[in-house]
Amino acid sequence: MSAVVKLANVHKSFGSNKVLDGVSFEVGRGEVAAVIGQSGSGKSTALRCINALETIEGGTIEVCGHAVHDKALDRRNLRRDVGIVFQSYNLFPHLTVEQNIMLAPTCVKALSKQKARDLAHEVLARVGLGEKAGHYPEQLSGGQQQRVAIARSLAMQPKLMLFDEVTSALDPQLTGEVLKVMEDLARGGMTMILVTHEMAFARKVASKVVYMHKGKVWETGPGSMLDKPTTPELADFVGSGL
Amino acid sequence: MTYQFDFAALLPYWHEFLQGALLTLQLSAIATVLGFILGTLCAIGRADGPRWVRFLVATYVEVIRNTPLLVQVFIVYFGIATLGFHVGADMAAVIALVVNVGAYTSEIVRAGLESVHKSQLEAADCLGLSRTQIYWHVVLRPAIERVYPALTSQYVLLMLASSITSQISAEELTAVANRIQSDTFRSFETYIVVGVIYLALSFIVRIGLWLFGLVVFVRRRKLGTAL
Ligand SMILES: Nc1ncnc2c1ncn2[C@@H]1O[C@H](COP(=O)(O)OP(=O)(O)OP(=O)(O)O)[C@@H](O)[C@H]1O
Ligand SMILES: [Mg+2]
């Protein structure tokens, strides 16, 4: 019972399109799991199911002790434990960087403005953007915006962080600065699940790689599994990705 | 054919013109604030409410948009009296104007709400905000910012349209003018003066809403983006 996340035989369809076809995997405390696979293989959907952004038709999902598959799930309780960062940043454009970060701690945890501000500066320092507190999102580069989005999640002190292709919209240099922040997080012991196309990063940082194919977990193992795939599909995928 | 203008004949009435103009401003200001609140609630109800709320709002909006304001004013005025309540003409005028402008506001704000991307709601939801908090902190300000010019025009129109309430003898600017022209027989001059006053009032309303926008939409002010 040390697993932070445990999916067991999860099924999910959109209409007649079977997107998750019996997905099972576990992520332990402090583990970094990289979910990889072709476009359309169900990676984002799996991540969204973990955060109760989608409802599932079969199987069970347990996240930080919450039964996510349960109809009676209190989503807001789950949200206190899980942070998610999206490919498109989704910062609130009318709020400054600092206000973006302060919003959830003041609204959800009822922190005072001053405490929330201190917290905002602390997490901003962690992502290397201490001096941008008063800026508006549109004044920042994509990489900076994504780091603010990560900081915004961190401010809620989640036990689990989910990342869905958070560098896919960025050029290589900006990708590097975001990945560095994520690597620091991993080293700090954060439990993370990241959907990514950055194979080198997965190999280096992930303690577990989950290869999804056609809505199934096709292969799973440590980062080194990418060097000696056992299925031809993964071999193909790794080969084409290089 | 030469017409002898005699604006001097109106001079003794300047105080009444002023009173009328002030009442017009007052009626419109109250109707704007209440109409904005009503319209925004309706827009949210229509976007996110249960089916019966959506139906109710849609019906209200269509009825108001497809009947003349003058008829609405009469219905409110006589309706209230028939129900046994005693409210003055000014009060009836305000109620009618609120009902009217609330419907138009709800359509404008609805467009604003639709312009806020679903991913914004999702991000706020994932941070643990409640639905009310999401509307208040994440959705409303950008939504209203985007349709603010349309709202401004609507509220200037409202101020001009309030002249119709002279028909139930609310003592606003047009009603005052009607009385003065029948006292003085200087109809042409009276309505020219009133026209100029309305122009000035429109200007005041626009400036007022512009200043309000500067206060509320801080980012626009700081980054210098025009509304
Ligand atoms: N909201 C939705 N409604 C209908 N179909 C959807 C929805 N979301 C995803 N799908 C479908 O589910 C399938 C899997 O989508 P998903 O986004 O999980 O793939 P992915 O592995 O994340 O792909 P990518 O690498 O392109 O992001 C796709 O066929 C997609 O069209
Ligand atoms: Mg995806």
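Note that this is a predicted model, so its numbers are computed, not measured. (Residues numbered from 1 in each chain as written. Chains lettered and ligands numbered in written order. Predicted model: local features only at pLDDT ≥ 70, side-chain atom pairs only at ≥ 80, totals over all residues. Heavy atoms only, no water.)

Let us look at the interface of chain A and chain B. In this complex, chain A contributes 24 residues to the contact, which on the side of chain B involves 20 residues. Together chain A and chain B conceal approximately 2100 Å² of surface at their shared face, both sides included; 60% is due to carbon and sulfur atoms. On the chain A side of the contact with chain B, Phe92, His94 and Tyr136 of chain A bury the most area, a combined 28% of that side's loss. The interface formed by chain A and chain B includes 4 salt bridges. For Glu122 of chain B, the salt bridge goes to Arg48 of chain A, with nearest N and O atoms at 2.8 Å. Linking chain A to chain B there are 11 residue pairs in polar contact (both at pLDDT 80 or more). Among the secondary structure elements, those contributing two or more residues to the side of chain A that touches chain B are α2 (75-81), β6 (82-85) and α3 (97-108) of chain A. Among the elements that take part in the side of chain A that touches chain B, α3 of chain A stands out by supplying 4 residues, more than any other. A per-class count over the side of chain A that touches chain B returns 14 nonpolar, 4 polar and 6 charged. (Contact = heavy atoms within 4.5 Å. Buried area = accessible area lost by both parts, 1.4 Å probe. Salt bridge = Lys/Arg side-chain N within 4 Å of Asp/Glu carboxyl O. Polar contact = N/O pair within 3.5 Å; in protein donor to acceptor, adjacent residues only side chain to side chain. Helix = DSSP H or I, 4+ residues; strand = E, 2+ residues; numbered from the N terminus. Nonpolar A, V, L, I, M, F, W, Y, C, P; charged D, E, K, R; others polar.)

Once that is clear, we can look at the nonpolar core. Formed by 97 residues in total, the largest nonpolar core has its most connected members in Val5, Ile50, Val63, Leu160 and Ile193 of chain A together with Leu113 and Leu129 of chain B. Ranked by the residues each element gives to this core, the list is headed by helix α6 (residues 131-161) of chain B, at 14 residues. Setting aside residues no more than four positions away along its own chain, Ile50 of chain A makes contact with Val5, Leu7, Phe25, Ile61, Val63, Val68, Leu78, Leu160, Leu162 and Ile193 of chain A. The next biggest cluster of nonpolar side chains, apart from the first, holds 50 residues, and it includes Val97, Leu124, Ala151 and Leu185 of chain A. (Core = buried A, V, L, I, M, F, W, Y, C linked by side-chain atoms within 4.5 Å. Buried < 20%, exposed > 50% of the residue type's maximum accessible area, 1.4 Å probe, protein only.)

Let's shift gears to the layout of surface pockets. In this structure, the largest pocket encloses a volume near 990 Å³. The wall of the largest pocket is formed by 34 residues, among which Phe36, Trp136, Ile144, Phe212 and Val216 of chain B lie closest to the centre. Elements with a contribution of two residues or more to the lining of the largest pocket: α3 and α4 (113-126) of chain A together with α1 (14-48), α6 and α8 (187-216) of chain B. The element contributing the most residues to the lining of the largest pocket is α1 of chain B, with 10 residues. (1 Å grid on protein atoms, 1.4 Å probe; cavity = no way out; pocket = protein on both sides within 12 Å on 5 of 7 lines; lining within 4 Å. Points joined across faces, edges and corners; volume = space filled by probe spheres on them.)

Residues and elements named next belong to chain A. Around ligand 1 sit 13 residues, and of these Ser39, Gly40, Lys43, Ser44 and Thr45 come closest. A distance of 2.5 Å separates an oxygen atom of ligand 1 from a polar side-chain atom of Ser39. Side-chain polar atom of Ser44 to an oxygen atom of ligand 1: 2.7 Å apart, as the coordinates give it. For ligand 1, the protein covers 59% of the area, taking 640 Å² as the surface of the free molecule. For the shell around ligand 1, the secondary-structure elements that each account for two or more residues are β2 (17-28) and α1 (43-50). Top contributing element to the shell around ligand 1 by residue count: α1, with 3 residues. (Near = heavy atom within 4 Å. Areas by Shrake-Rupley, 256 points an atom, 1.4 Å probe, with all protein chains shown as cover.)

We now examine the packing of helix α4 (residues 89-115) of chain B against α6 of chain B. The angle between the axes and the distance between the axes are what describe a pair of packed helices. All names here are of chain B. For the pair α4 and α6, interaxial distance at closest approach is 8 Å and the crossing angle is 135°. By the angle class used here, α4 and α6 are oblique. Note on packing geometry: the crossing formed by α4 with α6 is right-handed. Residue-level inspection shows Leu97, Val101, Tyr104, Thr105, Ile108, Val109, Ala111, Gly112, Leu113 and Ser115 of α4 in contact with α6, the latter providing Tyr135, Val139, Leu140, Ala143, Arg146, Val147, Ala150, Leu151, Gln154, Tyr155 and Leu158. (Axes fitted to C-alpha atoms, helices over the stretch in contact; angles between N-to-C directions. Parallel < 35°, antiparallel > 145°, perpendicular 65-115°, else oblique. Left-handed = near helix turned anticlockwise from the far one by under 90°.)

So, on to the packing of aromatic side chains. Taken as a whole and judged by the stated rule, the model has 8 aromatic pairs over all chains. Ring geometry for Phe5 of chain B versus Phe7 of chain B: centroids 5.7 Å apart, planes at 0°, classification stacked. With a relative accessible area of 37%, Phe7 of chain B lands in the partly exposed category. Looking at Arg152 of chain A, its charged tip hangs above the ring of Phe92 of chain A, at a distance of 4.5 Å from the centre. (Phe/Tyr/Trp six-rings, centres within 6.5 Å; stacked < 30°, edge-to-face > 60°. Lys NZ or Arg CZ within 6 Å of the ring centre and 35° of its normal.)

So, on to the UniProt feature "domain: ABC transporter" (unreviewed entry) in chain A. The UniProt entry lists residues 5-238 of chain A under the feature "domain: ABC transporter" (unreviewed entry), expressed in the numbering used here. For the annotated span residues 5-238 of chain A, helix accounts for 36% and strand for 26% of the residues, and the straight-line distance between the end C-alpha atoms is 26 Å. (UniProt positions renumbered as here; feature names shortened; annotations may be inferred.)

Turning our attention to empty space enclosed by the protein. For the structure shown, the criterion picks out 2 cavities of 30 Å³ or more. Roughly 110 Å³ of internal volume is contained in the largest cavity. Lining the largest cavity are 14 residues; nearest its centre among them are Ile84, Arg152 and Ser153 of chain A together with Ala123 and Leu127 of chain B. Counting residues per element, the lining of the largest cavity draws most heavily on β6 of chain A, which supplies 4 residues. Of the residues assigned to the lining of the largest cavity, the class counts are 10 nonpolar, 2 polar and 2 charged. If you add up the space inside the second largest cavity, you get close to 50 Å³. Around the second largest cavity sit Phe163, Glu165, Val166, Thr167, Leu179, Met182, Leu194, Val195, Thr196 and Phe201 of chain A, which together line it. For the lining of the second largest cavity, the elements supplying multiple residues, two or more each, are α6 (172-187) and β8 (191-195) of chain A.

Moving on: the pattern of salt bridges. Evaluation of the coordinates by the stated rule reveals 26 salt bridges over all chains. A salt bridge links Asp21 of chain A to Lys216 of chain A, with the shortest nitrogen-to-oxygen separation between them at 2.6 Å. Pair noted here: Asp21 of chain A is in strand β2 and Lys216 of chain A is in strand β10 (residues 216-221), with a separation of 195 residues, a long-range link. Between Arg219 of chain B and Glu145 of chain B there is a salt bridge; the shortest N-O distance is 3.0 Å. Taken together, the positions of Arg219 of chain B in helix α9 (residues 218-223) and Glu145 of chain B in helix α6 put the pair 74 residues apart, joining distant regions of the chain. Glu145 of chain B shares its class with Arg219 of chain B; the two are buried. Within this structure, Lys180, Glu183, Asp184, Arg187 and Lys204 of chain A form a network of salt bridges that share partners.

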